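Here's the letter readout for the chains.
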Amino acid sequence: MKKNFLIGQISDTHYVSSKEKLFDKIDTHNSFLRTIDACNNLDQIPDIYILSGDLIHDIEIYYHEFFNLCKKLNRPIYPMMGNHDVRSGLKKHLSKNLIDEKGNVNYCIDSFNTKIICLDTAIENKIEGEINKYSMDWLKNTLDRENDKHVIIFMHHPPINIGSLLFDHIKCQNGKEFIDLISKYNNVKEVVFGHVHCSYTTKINNIIFSSCPSGSIEYPIDAKDSSEMIEKSSIKLFNCSEFEISSKNILI
Ligand SMILES: [Fe+2]
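Calculation criteria
- Residues numbered from 1 in each chain as written.
- Predicted model: local features only at pLDDT ≥ 70, side-chain atom pairs only at ≥ 80, totals over all residues.
- Heavy atoms only, no water.
- Pairing = 2+ DSSP bridges.
- Helix = DSSP H or I, 4+ residues; strand = E, 2+ residues; numbered from the N terminus.
- Axes fitted to C-alpha atoms, helices over the stretch in contact; angles between N-to-C directions.
- Donors = N, O, S within 2.8 Å, 3.2 Å for Na, K, Ca; no water.
- Buried < 20%, exposed > 50% of the residue type's maximum accessible area, 1.4 Å probe, protein only.
- Core = buried A, V, L, I, M, F, W, Y, C linked by side-chain atoms within 4.5 Å.
- Contact = heavy atoms within 4.5 Å.

### Topic: the sheet that holds strand β7 (residues 188-193)
In space, the 6 strands of this open sheet follow the order β4-β5-β6-β7-β9-β8, with mixed pairing throughout. This sheet does not close on itself; its edge strands, each paired only once, are β4 (107-109) and β8 (201-204). For this sheet, the mean angle separating the axes of adjacent strands, direction not counted, is 20°. Note: strand β6 (residues 150-155) against β7, 5 bridges, orientation parallel. Residue pairing across strands places I153 opposite V191, the latter belonging to β7.

### Digging into the coordination of the iron ion
Within the protein, D12 (OD), H14 (NE2), D54 (OD) and H197 (NE2) serve as the donor atoms for the iron ion, at 2.1 to 2.3 Å. Expressed as a motif, the donor residue spacing for the iron ion is D-x1-H-x39-D-x142-H. With a gap of 143 residues between them, D54 in the loop between β2 (48-51) and α2 (62-70) and H197 in the loop between β7 and β8 connect regions that are remote in the sequence. On the accessibility criterion, D54 (2% relative accessible area) is buried.

### Considerations on the nonpolar core
By size, the foremost hydrophobic cluster in this structure holds 80 residues, and its most contacted members are I50, I116, L139, I153, F154, F178 and I182. Considering every element that reaches this core, the biggest residue donor is α2, with 6 residues. In this view, L139 contacts I117, L119, I153, F178, L181 and I182; residues no more than four positions away in its chain are not counted.

### A look at the sheet that holds β2
Overall, mixed pairing links the 5 strands, which are arranged β3-β2-β1-β12-β13 in an open sheet. The strands lining the two open edges of the sheet, one partner per strand, are β3 (77-79) and β13 (245-251). Each neighbouring strand pair of the sheet contributes to a mean axis angle of 20°, computed without reference to strand direction. Sheet topology note: the strand β12 (residues 234-240)/β13 ladder contains 7 bridges and is antiparallel. In the strand pairing of β13, C240 is matched with I245. Sheet contacts for helix α1 (residues 28-40): β1 (5-10), β2 and β12; angle to β1, the most-contacted strand, approximately 170°.

Spatial relationships are all this shows, so hold off on functional conclusions.
Structure representation (structure tokens):
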């Protein structure tokens, strides 16, 4: 089992296609190519990539090009559901071990010395998120079984307010229940989310909560409306050792 490893997180790419632009102005194809290129030129190439939701923007056919481009990352990828993903379409591109028996995209990555939990917070046809009853029980059972390793949890929707007019009302609606649960486990060290398209970090009950900025569009945390979008790409890197997890955002 590898003791030190690097996770690359790419979030909210909102990929459309090489022939279209998102909202008629954002070139998500080019920004994803730049992201891939930046990843392949890092001093240390990540061992795996976690794609924390909103991989594409609303239309399932975009997955075909998106996943073809992902092959250029040359590393295992772990896709997650976001509110702009299409559950039935995404599942066609996932191996069965990433889908639980109720059809949620809940899974663990156990190949490393830190346990990685990818938690599904997407609700069909809704922008806000929620951890459904099955997923919450799955999370509890998963944490109950893991006593030794540090745990890092990835989810699309934030379980907390970050002080954003645009995103706080569409966060994970039962985030408090989630925090109450994970706070009982001393080995849960970090929770990372996408969805908010900006950089944010805080600490609650000794657990770090942080966001991954978007792979295509940034909304400043104090944006008053969605027209304040900026075309900007970032990735987040997590250096995980047996003893600590450190992270940094890389602007592309
Ligand atoms: Fe998004």
